[in-house]
Amino acid sequence: MARPALRRSVFWRQFRKNQLAVCGGAVVLVMTLAALFASALAPYDPGAYDVTQILMPPGLAHWLGTDQIGRDVLSRMLYGARISMAVGFVSVGIAVGVGTLIGTVAAYYGGRVDEVLMRFVDLMLNFPRLFLLLTLIALLRPSIWVIMAVIGLTGWMGLARLVRGEILSLKEREFVLSARALGARDPRIMFHHILPNALVPVLVSATLGVAGAILAESGLSFLGLGVQPPTPSWGNILIEGKANIEIAWWLSVFPGLAILVTVLAYNLLGEGLRDALDPRLRQ
Amino acid sequence: MLAYLIRRLLISIPLLLGILVLSFVMLKLAPGEPGVIQQDLQARATGAQRETLRQLYGLDKPIYVQFGRWLWRVVRLDFGRSYSPDGRAALDKIAERIPITLGLNVLELLIIFSVAVPLGILSATRQYSAFDKSMTLFVFVGFATPDFWLALLLMILFGVQLGWLPMSGLRSLNFEYLDFWAQVWDVLSHLILPVLVASFGGLAYLSRLMRGSLLEVVRQDYIRTARAKGLPEGDVIYKHAVRNAVIPVVTLLGMMLPGLLGGSVFIETVFAIPGMGQLFVQSAFSRDEPVLMALIVIGASLSLLGNILADISYGLVDPRIRVSGREAR
């Protein structure tokens, strides 16, 4: 804990050794940049249709082809990346917030509070997550904010368990006992002394959570209950792919490939972070 | 064993009650009151008429009374009538679909288990070999592949390009005119793609788990003892190690049921299979609250049942659990 600079360099050395994780990180970076600069990178307006260019296979004019009303698939996918990244980050932010809060409170107060909160976690885990998502979205009507909220609010349980376990092991350590002996209050001990030390597993879990949230969003959009057309999302481009499955393979292949690559990249990055940050896994 | 069983069932009662409370909260969260919304569309309805409707649906009562009434109906499995034009009882609509979805799920579980365990054993006994590494790659790709996309790809390959397998439904249009074996093949050929797609992710997950579990077991003292007394390696692995390594995998099999049930939503939508998942999406679109509520209560209860069965099977394969219970986690 003493020398942060040293710790950081150890982390980098460990992380760089893991080539798959570095690749994952690079893909995440490229995807994030592509999403940020979608308007500059996209060769066409994602909403502009061209009836003379309907269902064109990939070629020089349209690298990834066009859809059934002649919109450029590459441009739509670049804008779709925005949706995926935004939903990924915001919903994981919500999940981390709720999960950390519940896990911390449960672990720190223990006893009855812990019992009630953990039973609630068990309860939430018993619902098939997709059923929960579909019901909430059906009742609240789909919009991007509702989607972010419900993905976040149905995805915090693992984090809560993780944080709770982490804190239970931390709260009897000497540095926490000494802070208490010095008269620090509960919130200060919790947020100042304990939580920062539990951050590593939370960070890893959040990285993996982004992957899960991107999958969830694309799935909901694919069912038609996620991001609503004409706003492009990787999931709802795939609906068009299914409708034209017999004549236009590119509508099905490319958006799915984008989801696969992005999710894989976040998973590899998360695993790499875990290995590099967790000294217990290091020899 | 009986005491263990009873204790396990008692623990799940509060969970079941929690499922019901949470479902009711969701129903009440929704903006607009059911029934009254329909009435709002009729501009000529007077305030008095609306009030009559509210009384009819019990919406004028305090929330706990409403919950009590709802609970009493749900306990008797009365979920009300579907809002869709057929107006059938929600439970009937679901009941005819449960066997299809559960049948598929059980089939998937069996396939996942019988393929993932050997794969896990092979990777663990050949740790860091080319096979193990390619399995690791498969696991990562399996985690990241959206099942609806995999379904589309396989449909393009086997349905459109090769034309080997049907792409939707459970049977062909000419089913009734086929002889018996042709009927069997017809159903099987319709099942191949959906079951393959639905098993893919679980297969990756469970084979990884089996690998990890076996790698941990082979480091135990009793395995060293078995080797030290000169048992052939095959006996050490298959008679001593695998039996112990498979225990945690069995429990997780039961816990995969919520995921598989959720996955049915995609599989049944893509392949047009008339199961619970397809009904769920249709009801979500038409905001058919009675059916949605029934589906979520039944879906969560089925998951709970899966967990209980997993715990019981855990108790059956591992005598230590029966004695001490699982409370000491």
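Note that the structure is predicted; figures quoted are calculated from it, not measured. (Residues numbered from 1 in each chain as written. Chains lettered and ligands numbered in written order. Predicted model: local features only at pLDDT ≥ 70, side-chain atom pairs only at ≥ 80, totals over all residues.)

### What about the overall build of chain B?
What chain B contains, in helices and strands, is 15 helices and zero strands. When its C-alpha atoms are laid out on the principal axes, chain B stretches across 90 × 55 × 35 Å. The long-range share in chain B, meaning contacts at least 24 apart out of those at least 6 apart in sequence, stands at 72%. (Helix = DSSP H or I, 4+ residues; strand = E, 2+ residues; numbered from the N terminus. Contact = placed C-beta atoms within 7 Å.)

### Describing helix H9 (residues 180–217) of chain B
A rise of 1.5 Å per residue sets the reference length of H9 of chain B, with its 38 residues, at 56 Å; its end C-alpha atoms lie only 48 Å apart and thus fall more than 12% short of the reference. At Phe200 of chain B, H9 of chain B shows its strongest bend, of approximately 35°. (Expected span 1.5 Å × (residues − 1). Bend = angle between axes of the 7 residues up to and from the residue.)

### Some thoughts on the environment of Gly275 of chain B
Residue and element names in this part refer to chain B. With respect to the helices and strands, Gly275 occurs in the loop between helix H12 (257–270) and helix H13 (276–286). The spatial distance from the C-alpha of Gly275 to the C-alpha of Gly262 is 12 Å, given a sequence separation of 13 residues. When neighbours within four sequence positions are excluded, Gly275 is seen to be in contact with Arg97, Ile100, Thr101, Leu104, Ser264 and Glu268.

### So, the interface of chain B and chain A
Between chain B and chain A, the contact holds 37 residues from the first and 35 residues from the second. At the level of elements, helix H1 (2–29), helix H7 (130–144), helix H8 (147–161), H12, H13 and helix H14 (289–317) of chain B are the ones that each hand at least two residues to the side of chain B that touches chain A. Its residues placed into classes, the side of chain B that touches chain A shows 30 nonpolar, six polar and one charged. (Nonpolar A, V, L, I, M, F, W, Y, C, P; charged D, E, K, R; others polar.)

### Section: the packing of H1 of chain B against H14 of chain B
Any two packed helices are characterised by the angle at which their axes cross and by the distance between the axes. Residues and elements named next belong to chain B. Between H1 and H14, the least distance of the axes is 10 Å, while the angle of their chain directions is 160°. When the axis of H1 is compared with that of H14, the two are roughly antiparallel. Regarding H1 and H14, the two cross each other, and that crossing is right-handed. Contact with H1, carried on its side by Tyr4, Leu5, Arg8, Leu9, Ser12, Leu15, Leu16, Ile19, Leu20, Ser23 and Leu27, involves Glu289, Met293, Ile296, Val297, Ala300, Ser301, Leu304, Ile308, Asp311, Ile312 and Gly315 of H14 and no other residues of that element. (Axes fitted to C-alpha atoms, helices over the stretch in contact; angles between N-to-C directions. Parallel < 35°, antiparallel > 145°, perpendicular 65-115°, else oblique. Left-handed = near helix turned anticlockwise from the far one by under 90°.)

### Thoughts on the nonpolar core
Ranked by internal contacts, the top residues of the largest apolar core, which has 147 residues, are Leu133, Leu134 and Ile137 of chain A together with Ala151 and Leu295 of chain B. Top element by residues in this core is helix H4 (residues 73–109) of chain A. It accounts for 15 residues. Filtering out sequence-adjacent residues up to four positions away, Ile137 of chain A remains in contact with Pro142, Val146, Ile147, Val150, Leu220 and Leu225 of chain A together with Ala284 of chain B. (Core = buried A, V, L, I, M, F, W, Y, C linked by C-beta atoms within 7 Å. Buried ≥ 20, exposed ≤ 12 C-beta atoms within 10 Å, placed from the backbone.)

### Some details on helix H9 (residues 174–181) of chain A
Counting buried residues in H9 of chain A gives zero out of eight residues, a small share hidden from the surface. Looking one or two residues beyond H9 of chain A, the residue adopting positive phi is Gly183 of chain A, at roughly 95°.

### Examining the confidence of the model for chain B
Residues and elements named next belong to chain B. Put simply, chain B has an average pLDDT of 83, and 91% of its residues get 70 or more. Mean pLDDT across the elements of chain B ranges from a minimum in helix H2 (residues 36–40), with 53, to a maximum in helix H6 (residues 98–125), with 91. The low-confidence segment residues 325–329 (pLDDT under 50) makes four contacts with residues lying over four places distant or belonging to another chain. Scored as a whole, the predicted complex attains pTM 0.84, and scored at its interfaces, ipTM 0.83. (pLDDT = per-residue confidence, 0-100.)

### What to know about the environment of Leu208 of chain A
All names here are of chain A. Along the chain, the position of Leu208 falls in helix H10 (residues 186–223). Overall, Leu208 belongs to the buried group, with 21 C-beta atoms counted inside 10 Å. Taking the C-alpha atoms as reference points, Leu208 and Val90, separated by 118 residues in sequence, lie 14 Å from one another. Beyond its immediate stretch of four places on either side in the chain, Leu208 contacts Tyr266, Asn267 and Gly270.

### Things to note about the confidence of the model for chain A
Looking at chain A as a whole, its pLDDT mean stands at 86, while 95% of the residues score no less than 70. The spread of mean pLDDT over the elements of chain A runs between helix H1 (residues 4–17) of chain A, the lowest at 73, and helix H7 (residues 144–153) of chain A, the highest at 93.

### A look at the environment of Gly110 of chain A
Residue and element names in this part refer to chain A. Along the chain, the position of Gly110 falls in the loop between H4 and helix H5 (111–126). Residue classification places Gly110 among the partly exposed positions, given that 13 C-beta atoms sit within 10 Å. As for Gly110 and Arg164, which are separated by 54 residues in sequence, their C-alpha atoms are 9.7 Å apart.

### Points about the packing of helix H11 (residues 233–255) of chain B against H14 of chain B
All names here are of chain B. For the pair H11 and H14, interaxial distance at closest approach is 7 Å and the crossing angle is 165°. On the basis of the axis angle, H11 is roughly antiparallel to H14. Considering only the axes of H11 and H14, their crossing is right-handed. Contacts between H11 and H14 involve Ile247, Val250, Thr251, Leu253, Gly254 and Met255 from the first element and Gly306, Asn307, Leu309, Ala310, Ser313, Tyr314 and Val317 from the second. Split into classes, the residues belonging to the contact of H11 with H14 amount to eight nonpolar, five polar and no charged.

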